[in-house]
Structure formats: C-alpha cells, structure tokens
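# Summary of the model geometry
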Amino acid sequence: MFVLELTYTAPIERVDALLDAHIEWLDAQYTAGVFLASGRKNPRDGGVILAAGVDRAEIEKIAADDPFAVEGVCAYRITEFYATKTADALASMREQLPS
C-alpha cells in the first residue's frame, strides 16, 4: 500500500487552475481500483492519497501523470508500507510482511 503526499510548490491560484484536470485524474485512478482515499491537507498546502494494488514503479508513473505534477505545481513524496492491520471494511487490503 502507498501513501502519496502532495506538497504544493506553486501559488494556490496555479493549483486551483488545474483542479478540474486533477480531479479527472483522481477519478480515473478510483475507477481503475488503485486509489482508496484522497483529500486536501489542513492547512491547504497539499494533499494525501492512499493507494494499493500496484507496485512502486506503477505508482510512480501514476503520480507523474497527475496534472499537478505535469505542470510542476506540486512535489510528491511516496511512502510504501505493509497494511498488516486494517479496519474490517478494508480487510481485503490486508497484507503480509515479506519473508
């Protein structure tokens, strides 16, 4: 599983100008079953996305295709972790530690 942390690197006006395209990109990843949750950080200096079902190379490619990344208004920090414990609603997402 991955935590994608976005930090804005441009004025919020530039971010807002790309928001519709970013939301379309998010929707495509939800439809593909990759994104589990997403939202703005508070204070509004970026966002967070939870993702699963792909490997590191694929998640890096997905992040690079975000209109925010393409237009250079955010930087991504991608953290991979093993979701060995989850809420019951996410039981299908539980992972085993590698041996």
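This text follows the structure it describes.
First things first, this report covers the structure right here in the doc.

About the thresholds
- In this convention, every chain numbers its residues from 1, walking through the sequence in written order.
- Only residues with pLDDT of at least 70 are given local features in this predicted model, and only at 80 or more are side-chain atom pairs given and counted; all residues enter the totals for whole chains, interfaces and linings.
- With hydrogens and water stripped out, all remaining heavy atoms of the structure feed into the side-chain values.
- Two strands qualify as a pair provided DSSP detects at least 2 bridges between them.
- Numbered from the N terminus, helices here are DSSP runs of H or I no shorter than four residues, and strands are runs of E no shorter than two.
- Note on definitions: angles span 0 to 180 degrees between N-to-C directions of axes, and those axes are lines fitted to C-alpha atoms, for helices only across the stretch in contact.
- Only Phe, Tyr and Trp rings take part, Trp by its six-membered ring, and two of them pair if their centres are within 6.5 Å. Stacked means planes under 30 degrees apart, edge-to-face means over 60, and tilted covers everything else.
- Here the term buried applies to any residue with accessible area under 20% of the maximum for its type, exposed to any over 50%, and partly exposed to those in between, with areas from a 1.4 Å probe on protein chains only.
- For the purposes of this section, nonpolar cores are sets of buried Ala, Val, Leu, Ile, Met, Phe, Trp, Tyr and Cys residues that join through side-chain atoms within 4.5 Å.
- Residues count as neighbours in contact if any of their non-hydrogen atoms are within 4.5 Å of one another.
- Working definition: the arc comes from the directions between the helix axis and the C-beta atoms, pointing outward to the latter.
- Think of a polar contact as two N or O atoms within 3.5 Å of one another; within protein, one of them needs to be a possible hydrogen donor and the other a possible acceptor, and neighboring residues in sequence only count if both atoms come from side chains.

Further remarks concern the sheet that holds strand β1 (residues 2-8). Within the open sheet, the four strands sit side by side as β2-β3-β1-β4. Their pairing is antiparallel. Every other strand in the sheet has two partners, leaving β2 (35-40) and β4 (74-80) as the edge strands with one partner each. Mean inter-strand twist for the sheet, computed between neighbouring axes without regard to direction, equals 15 degrees. Where β2 lies against strand β3 (residues 46-51), five bridges are found, and the strand directions are antiparallel. Across the sheet, serine 38 pairs through a bridge with isoleucine 49, a residue of β3.

Under the defined criterion, the tally for this structure stands at three aromatic pairs. When the ring of tyrosine 8 is compared with that of phenylalanine 68, the centres are 6.0 Å apart and the planes differ by 85 degrees; the resulting orientation is edge-to-face. Here phenylalanine 68 lies in helix α4 (residues 67-70) and tyrosine 8 lies in strand β1, a separation of 60 residues in the sequence. Taking 5.3 Å as the distance between ring centres and 70 degrees as the angle between the ring planes, the aromatic pair formed by tryptophan 25 and phenylalanine 35 counts as edge-to-face. Here tryptophan 25, found in helix α2 (residues 19-31), pairs with phenylalanine 35, found in strand β2; they are ten residues apart in sequence, far enough to count as distant. Judged by its relative accessible area of 8%, tryptophan 25 falls in the buried class. In this structure phenylalanine 35 comes out as buried when scored by relative accessible area, which is 4%. Through a chain of ring-to-ring contacts, the aromatic side chains of Trp25, Tyr30 and Phe35 assemble into a single cluster.

Counting 20 residues, the largest nonpolar core has Leu4, Phe35, Ile49, Ala51, Ile59 and Phe68 as its most contacted members. Put simply, the parts of the chain that give this core at least two residues each are β1, α2, β3, α3 (56-64) and β4. The dominant element in this core, judged by the number of residues it contributes, is β1, at four residues. The residues touching isoleucine 59, leaving out its near neighbours within four places in the chain, are Phe2, Leu4, Val34, Phe35, Ala51, Val54 and Ile78.

In this section: α3. Of the residues making up α3, those classed as buried are Ile59, Ile62 and Ala63. Summarising the axial view, the buried residues of α3 lie within an arc of 100 degrees, below the 170-degree limit, and thus occupy one face. The secondary structure elements touched by the buried residues of α3 are β1, α2, β2, β3, α4 and β4. The opening residue of α3 is aspartate 55, an N-cap whose side-chain oxygen sits 3.3 Å from the backbone nitrogen of alanine 57.

Asparagine 42 connects to proline 43 through a cis peptide bond whose omega is 10 degrees. By the element assignment, proline 43 lies in the loop between β2 and β3.

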